[in-house]
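# Structural features, examined
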Amino acid sequence: MNQDILCFFDKKPDALPLYEAFEQKVLSAMPDVSVKVQKTQIAFSNRHHFAFVSFLPVRKAKERPEVFIVITFGLGYRVDSPRIDAAVEPYPHRWTHHVLISDKAEIDDELLDWVKEAGAFSAGKR
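Note that the structure is a prediction, hence the values are computed from the model and not measured.

Conventions and cut-offs
Residues numbered from 1 in each chain as written. Predicted model: local features only at pLDDT ≥ 70, side-chain atom pairs only at ≥ 80, totals over all residues. Heavy atoms only, no water. Phe/Tyr/Trp six-rings, centres within 6.5 Å; stacked < 30°, edge-to-face > 60°. Helix = DSSP H or I, 4+ residues; strand = E, 2+ residues; numbered from the N terminus. Buried < 20%, exposed > 50% of the residue type's maximum accessible area, 1.4 Å probe, protein only. Lys NZ or Arg CZ within 6 Å of the ring centre and 35° of its normal.

Considering all chains together, one arrives at eight aromatic pairs under this definition. Arranged with centres 5.7 Å apart and planes meeting at 15°, the rings of F8 and F55 form a pair that is stacked. With F8 in helix α1 (residues 3-8) and F55 in the loop between β3 (49-54) and β4 (69-75), the pair connects residues that are 47 residues apart, well separated along the chain. Aromatic pair F9 and F55: ring centres 5.6 Å apart, planes at 85°, arrangement edge-to-face. Pair noted here: F9 is in the loop between α1 and α2 (16-29) and F55 is in the loop between β3 and β4, with a separation of 46 residues, a long-range link. Overall, the relative accessible area of 1% leaves F9 in the buried class. The class for F55 is buried, based on a relative accessible area of 19%. In this structure an aromatic cluster arises from ring pairing among F8, F9, Y19, F22, F44, F55 and F68. Sitting over the face of the ring of F55, K12 holds its NZ or CZ atom 4.8 Å from the ring centroid.

Structure representation (structure tokens):
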């Protein structure tokens, strides 16, 4: 485990296993991905950033579980799913989606398909 990642989870160590499960699945499915720890998020990149892990408060505090991570990914369309906590269109035809994860079981094929699609969408940008 990278020291920068350990430092990122320093204040929320119980969320680290969620991150580890997500990272392992993404890197297994997409071998040419790099991971970069930033101040407020961990970015997954090919040519461009396409997915992020953070503690973004996408739900009101009383509705958030004690232990969670937020997976953010971008696509060219809005995903219509009850799993999506928030979706915004910061640019025409570029939708940013946020999914709160509180259990490893939520890191499933559906989420990974969205992340893989985001990687392909990102790789196709100029």
